[in-house]
Amino acid sequence: MSSLPVLEGRIVLPRRIMPGRIVFDGQIREIAPCPEAPRHYILPGFIDCHVHGGDGADTMDGAAAIGRLSRFHLAHGTTTILPTTITRPWPDVMDALRAVAEVRRAGVPDGPDIHGAHLEGPFVSPHKLGAQPPFAVAPHPDLVREVLETGIVRVVTLAPELEHAERAMRTFAGAGVRVSLGHMTADYAQTEQAICTICAAGGTVGATHLFNAMAPIEGRRPGPATALMCSDAAYAEMILDTHHVHPATFRMAARLMDGRLLLVTDAMRGTGLPDGPSQLGGQEVMIRDGVVRLPGGSLAGSVLTLDVALRNAVESGGVALPRAADLVSGAPARYLGLHDRGVLAVGRRADFVVMDEQLRVRQVWVAGRQVC
């Protein structure tokens, strides 16, 4: 193994940090202690399950834009990405899914792994659109079949109270698509029933940006977030930019959903660009002081990157670095069933993020190749 590449540093393992060295090719071949290793950190590559855009590009813009936003997020540590759609007229949504499929087939040179697409909309409640444009539709079996024929969707956001939703949840679950409950008016009981429906069909349950675009928790109305957090099976996304959820709310969810909470960016096209006007799903938005809002004041996605989410988990959320790494790598890998990545262990993909002591990205490696 002496001829193989080696990285040395403080290796962030699932439960501890070890000064050591990693020997690898496309996979990790050896991890060994090295007391004199440099003080920078080596983390598993980040996995973003929900990301609309960045660097001026949006998933809905087509293949070239998907490549551009993917390379932008790669520079922030994301080595596996699910370009995410938004609620638009049906032909636009299908064009975007076909573009993701095209990019996945071709690959992104020196880019992250395009695992597939997250279909966020149009199967959402017209009464809980958030920043989604008003093109919501019910998940009719014909539309579900058309989605599955693309072979590219790995996660679908779905409001369980919609007409045809129960059949759609079973169909998606049976096809191996993660069903993420969100943008919904469903109450606690409806959400609990949806969780049972998906699990009974052999599927994996998720939640789209927990606490956002769903009813709040009240003393006599526990709401959908309670059903999701109390489930032993459900995973949940969270946008930890300190605007979408309070750090204390994050700490509560992290305690209740040990190993099933994952951080996402929900990043839009203006991510990485200066403050000012931008667009989301054809709607005008304003970015000011790192917050994206519609003209009416509603939050409209984020300008978050996963390296910032990791730092927020450590600095504002108070979690140890190994746990923070699980939130951006291990948990999303488990959620997606990607058993070849997400942690630093022998036999896993050599996807690495090298960060300095301030948790700033210094190097990114994908499948054993340094790309940043």
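Here, the structure is the one placed above.
Presented here is a report on the structure given in the accompanying data block. As a convention, each chain's residues are numbered from 1 in the sequence order in which they are written. For a predicted model such as this one, the threshold for reporting local features is a pLDDT of at least 70, and the threshold for listing and counting side-chain atom pairs is 80 or more; totals across whole chains, interfaces and linings nevertheless cover every residue. Each side-chain value is worked out from all heavy atoms of the structure, with water and hydrogens disregarded.

1. Digging into helix 4 (residues 165–174)
Going by this rule: Each residue gets one of three labels from its accessible area relative to the maximum for its type: buried under 20%, exposed over 50%, partly exposed in between, using a 1.4 Å probe on protein chains only. Every helix listed is a DSSP run of H or I at least four residues long, and every strand listed is a run of E at least two residues long, numbered separately from the N terminus. Directions are taken from the helix axis to each C-beta atom, and the arc is the one they span. Here a residue-residue contact requires only that any non-hydrogen atoms of the pair lie within 4.5 Å.
All of the buried residues along helix 4 are Ala 165, Ala 168, Met 169, Phe 172 and Ala 173. One side of helix 4 holds all its buried residues, which, seen down the axis, span an arc of 125 degrees. Exposed residues lying more than 90 degrees from the buried face of helix 4 are Arg 167 and Gly 174. Summarising the contacts, the buried residues of helix 4 are in contact with helix 3 (141–149), strand 11 (153–158), strand 12 (178–181) and helix 5 (188–200). Immediately downstream of helix 4, the backbone of Gly 176 shows phi near 85 degrees, a positive value.

2. Focus on a nonpolar patch on the surface
Basically, it comes down to this: For patch detection, residues must exceed 30% relative accessible area and be free of salt bridges, and they are connected within 9 Å for like charges or within 5 Å for nonpolar side chains (Val, Leu, Ile, Met, Phe, Trp, Tyr). Areas reported as accessible are Shrake-Rupley estimates using a 1.4 Å probe. Residue values count occlusion only from the protein chains shown. A pairing counts as a salt bridge when a side-chain nitrogen of Lys or Arg comes within 4 Å of a carboxyl oxygen of Asp or Glu.
Taken together, the side chains of Ile 217, Met 252 and Leu 256 present a nonpolar region at the surface, about 250 Å² in accessible area. Tracing the sequence through the fold places Ile 217 in the loop between strand 13 (205–207) and helix 6 (223–230).

3. Brief notes about helix 7 (residues 247–256)
Along an α-helix, residues three or four positions apart point the same way, because every turn accommodates 3.6 residues. Regarding helix 7, the residues found buried are Pro 247, Phe 250, Ala 253 and Ala 254. On an axial view of helix 7, the arc spanned by its buried residues comes to 120 degrees, and they lie on one face. Buried residues along helix 7 sit in contact with helix 6, strand 14 (236–238), strand 15 (261–263), helix 8 (306–315) and helix 9 (321–336).

4. Brief notes about the packing of aromatic side chains
What counts, and what does not: Pairing of aromatic side chains here covers Phe, Tyr and the six-membered ring of Trp, requires ring centres within 6.5 Å, and sorts the geometry by plane angle: under 30 degrees stacked, over 60 edge-to-face, intermediate tilted.
In total, this model carries five aromatic pairs according to the counting rule given. Summarising the aromatic geometry, the rings of Phe 24 and Phe 352 are spaced 5.0 Å apart at their centres and angled 75 degrees between planes, so their arrangement reads as edge-to-face. Taken as a pair, Phe 24 in strand 2 (residues 17–24) and Phe 352 in strand 19 (residues 352–355) lie far apart in primary sequence, 328 residues in all. Among the aromatic residues, those joined into a cluster by ring pairs are Phe 24, Phe 352 and Trp 365.

5. Comments concerning unusual backbone geometry
Generally, phi is negative for residues other than glycine and the peptide bonds are trans, each holding for most cases. With an omega of 20 degrees, the peptide bond running from Gly 121 to Pro 122 counts as cis. Along the polypeptide, Pro 122 turns up in the loop between strand 10 (117–120) and helix 3. Here His 164, not a glycine, exhibits a phi torsion of approximately 75 degrees, which is positive. Along the chain, His 164 turns up in the loop between strand 11 and helix 4.

6. A closer look at the pattern of salt bridges
According to the stated counting rule, one finds 17 salt bridges in the structure shown. One salt bridge connects Asp 340 with Arg 341, and the closest N-O pair in it is separated by 2.9 Å. Overall, the relative accessible area of 30% leaves Asp 340 in the partly exposed class. Exposure remark for Arg 341: the relative accessible area of 8% places this residue in the buried category. Connected through shared salt-bridge partners, Arg 10, Arg 39 and Glu 357 make up one network.

7. Some remarks on the side chain of Asn 312
Convention followed: N or O atoms closer than or at 3.5 Å make up a polar contact, with two conditions inside protein: a donor-capable atom paired with an acceptor-capable one, and, for residues adjacent in sequence, both atoms drawn from side chains.
Positionally, Asn 312 belongs in helix 8. For Asn 312, a relative accessible area of 13% puts it in the buried group. A polar atom in the side chain of Asn 312 sits 2.8 Å from the backbone oxygen of Leu 240. Ignoring anything within four residues of it in the chain, the contact list for Asn 312 reads Leu 240, Asp 241, Thr 242, Leu 304 and Gly 317.

8. Overview of the packing of helix 5 against helix 6
Rules: Note on method: axes are straight lines fitted to C-alpha atoms, helices fitted across the in-contact stretch only, with angles between N-to-C directions ranging 0 to 180 degrees. Two helices cross in a left-handed way if the nearer one is turned anticlockwise from the farther one by less than a right angle. They cross in a right-handed way if the turn is clockwise. Residues were grouped as follows: Ala, Val, Leu, Ile, Met, Phe, Trp, Tyr, Cys and Pro as nonpolar; Asp, Glu, Lys and Arg as charged; and all remaining residues, including Gly, as polar.
Remark: helix 5 packs on helix 6, axes separated minimally by 7 Å, with the N-to-C direction vectors making an angle of 35 degrees. Note that helix 5 runs across helix 6; the crossing there is right-handed. Residues Tyr 188, Thr 191, Glu 192 and Ile 195 of helix 5 form the contact with helix 6, whose participating residues are Gly 223, Pro 224, Thr 226, Ala 227 and Leu 228. A per-class count over the contact of helix 5 with helix 6 returns five nonpolar, three polar and one charged.

9. As for the side chain of His 50
Inspection of the secondary structure puts His 50 in strand 5 (residues 46–51). Residue classification places His 50 among the buried positions, given a relative accessible area of 0%. Within the structure, the side chain of His 50 is placed 3.2 Å from the side chain of His 52, a separation counted as a polar contact. Those residues within four positions of His 50 in sequence are excluded, and the remaining contacts are Leu 82, Thr 84, His 118, Glu 120, Thr 208, His 209, Glu 237, Val 264, Thr 265, Asp 266 and Ala 267.

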